[in-house]
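Analysis of the macromolecular model
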Amino acid sequence: MGATATLRPGFLLHQVLGFDPYLVAEKMKPAEEVLRMSGVPGLPQCHYLWSVFFDQVDLLSDQEAAAALSHLLSMENVRLGLEGVRQAAVTEGQMPLLGVGQPDAKSVKAEAKAEQEHLSQCHRLVGMMRVQKRWAYWLRALLRHDWPAERIPQMHFQDANGDALKMVRHVVHVFEQYGYTLDALDALASLILYGCGALAELPARIPPEVWQQGLEALDFPLLLSQPADYLGTLAAESGMGQGNGFFPTPMAVVKFMVAAALQQEGQEGEGTGETEPWKTKSVWDPCLGTGRFLLEASNRSLNLWGTDINRQLLKFAQVNFLLWVPWAYWPLDSVPTVWCADSLQLPEQLERERLAQASEQRLAWQRISALVMGLPAPRVAGTVDGSSLPSA
């Protein structure tokens, strides 16, 4: 995040909701503005290409999407906005003009490194576009108080690995090195929830200077752009897995089981046609854990339910949903569909516990509402007879 980041409620929320996909480089103007200023007649074509890309970015693989974004950014019309920077680099002898002279080995190596960094940045931007697309999709549904007619934006969930997992481990280590070994994972979850506006304040047991150190170690855009159950992975490695029997299912198995359970053929959703038969049908995970099955099921259903007897794991699941599955975090009727309970209880008792826990979650939604301009406070709804619970 950097040393200048400030701890305040919702300080991360703009990266979840307000990412502008046109701002594809730190000092680059939006592509449409570049073309307008330069008077290039290809503006309608550029609009069309970007529109198609934004519409399809969640359907492409990570490699395909990053390559497509890189191609769009390298098109001559878009590159016009960077000509001044490029020309200055040429003048200073840092970059050869195309077709002018022969680049030396140092220049070739520098360009290869720059290309690799550019592609890596494209991967990150693609991931953030998908997050923003999901939240924009669901915020429109909340404003209309109705199921969206548009298809569900897809999210590519994988097992936690790579640079993002290393970064998360580093943040956890920051809290551990200050003596908060048992609280380290919970502290990271609290930091993200607070940063997105879901918590009014950070737990007082950890001093502000330690929270600031954790914040500076957190690369939030990297975390957002690589969706995975990081907290669940680290929880399984800790005492939660070794002593309490928490062993999350690998995502490859999760994907297979969700595909088998939520088959696309032979069933029809409520007014959705045959392409998304589970779109409004309830999907319930009675042993939620950190939410891996609902993460994957979010690509097929908007009506997600989950219960778990472990409050700590439930908190980790809420972090995952807040970042990548807004309809699981903030249901359409604004009554929690993910709550702490023993799933073996009678439906009536489950419903009472769900509504008893609703007030705290509503406060979180109201705090987020206040940070999102124009979004009204959540509606209050629900019953106590168990009729709103999904059928077994």
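In the block above lies the structure referred to throughout.
The following paragraphs examine the structure supplied in this document. Since the structure is predicted, the reported quantities are computational estimates derived from the model, not experimental observations. (Residues numbered from 1 in each chain as written. Predicted model: local features only at pLDDT ≥ 70, side-chain atom pairs only at ≥ 80, totals over all residues. Heavy atoms only, no water.)

**Thoughts on the environment of Val16**
- Among the structural elements, Val16 can be located in helix H1 (residues 13–17).
- With 205 residues separating them in the primary sequence, Val16 and Pro221 have C-alpha atoms 8.8 Å apart.
- If sequence neighbours within four positions are ignored, Val16 has contacts with Val131, Gln132, Trp135, Cys196, Phe220 and Leu224. (Helix = DSSP H or I, 4+ residues; strand = E, 2+ residues; numbered from the N terminus. Contact = heavy atoms within 4.5 Å.)

**Some points on the pairing of strand S2 (residues 303–308)**
- Taking burial as the measure, the six residues of S2 include six buried ones, the bulk of the element.
- A two-sided burial pattern is seen for S2, the buried positions comprising Asn303, Trp305 and Thr307 on one face and Leu304, Gly306 and Asp308 on the other.
- Where strand S1 (residues 282–285) meets S2, four bridges bridge the pair, whose relative direction is parallel. Looking at S2, one finds that Trp284 is bridged to Trp305. (Buried < 20%, exposed > 50% of the residue type's maximum accessible area, 1.4 Å probe, protein only. Pairing = 2+ DSSP bridges.)

**Structural notes on the nonpolar core**
- Ranked by size, the top nonpolar core spans 87 residues in total, and within it Phe220 and Phe321 carry the most contacts.
- Counting 12 residues, the second largest nonpolar core, distinct from the first, contains Phe53, Ala65, Ala66 and Cys122. (Core = buried A, V, L, I, M, F, W, Y, C linked by side-chain atoms within 4.5 Å.)

**Points about helix H19 (residues 358–371)**
- With 14 residues, H19 extends 20 Å from end C-alpha to end C-alpha; this agrees with the ideal 20 Å at 1.5 Å per step.
- Buried residues of H19: Ala358, Gln361, Arg362, Ala364, Trp365, Ile368 and Ser369, and no others. Angular distribution of buried residues about the axis of H19 spans 155 degrees; they occupy a single face of the element. Residues of H19 that are exposed and point more than 90 degrees away from the buried face comprise Glu360 and Ala370.
- Contacts from the buried residues of H19 go to H1, helix H16 (311–324), helix H17 (326–329) and helix H18 (347–356). (Expected span 1.5 Å × (residues − 1). Arc of directions from axis to C-beta.)

**Structural notes on the pattern of salt bridges**
- Per the stated rule, a full pass over the model turns up 14 salt bridges.
- Sharing partners across several salt bridges, the network here consists of Asp183, Asp186, Arg205 and Lys315. (Salt bridge = Lys/Arg side-chain N within 4 Å of Asp/Glu carboxyl O.)

**Let's talk about the packing of helix H9 (residues 184–195) against helix H12 (residues 230–237)**
- Packing of H9 against H12 leaves a shortest axis separation of 10 Å and a crossing angle of 170 degrees. For the element pair H9 / H12, the angle class is roughly antiparallel. Packed against H9, whose contacting residues are Leu185, Leu188 and Ala189, the element H12 presents Leu231, Leu234 and Ala235 at the interface.
- Across the contact of H9 with H12, the residue classes tally to six nonpolar, no polar and no charged. (Axes fitted to C-alpha atoms, helices over the stretch in contact; angles between N-to-C directions. Parallel < 35°, antiparallel > 145°, perpendicular 65-115°, else oblique. Nonpolar A, V, L, I, M, F, W, Y, C, P; charged D, E, K, R; others polar.)

**Re the sheet that holds S2**
- Here three strands make up an open sheet; going across it, the order is S1-S2-S3 and the pairing parallel. Since the sheet does not close on itself, it has two edges, and those belong to S1 and strand S3 (338–340), each with one partner. Averaged over all pairs of adjacent strands, the angle between strand axes in this sheet comes to 15 degrees, irrespective of strand direction.
- Against the sheet, H16 makes contact with S2 and S3, and its axis sits at roughly 165 degrees relative to S3, the strand it touches most.
- The strands touched by H18 are S1, S2 and S3; relative to S3, the strand with the most contacts, the crossing angle is about 100 degrees.

This is a description of form; function is not addressed.
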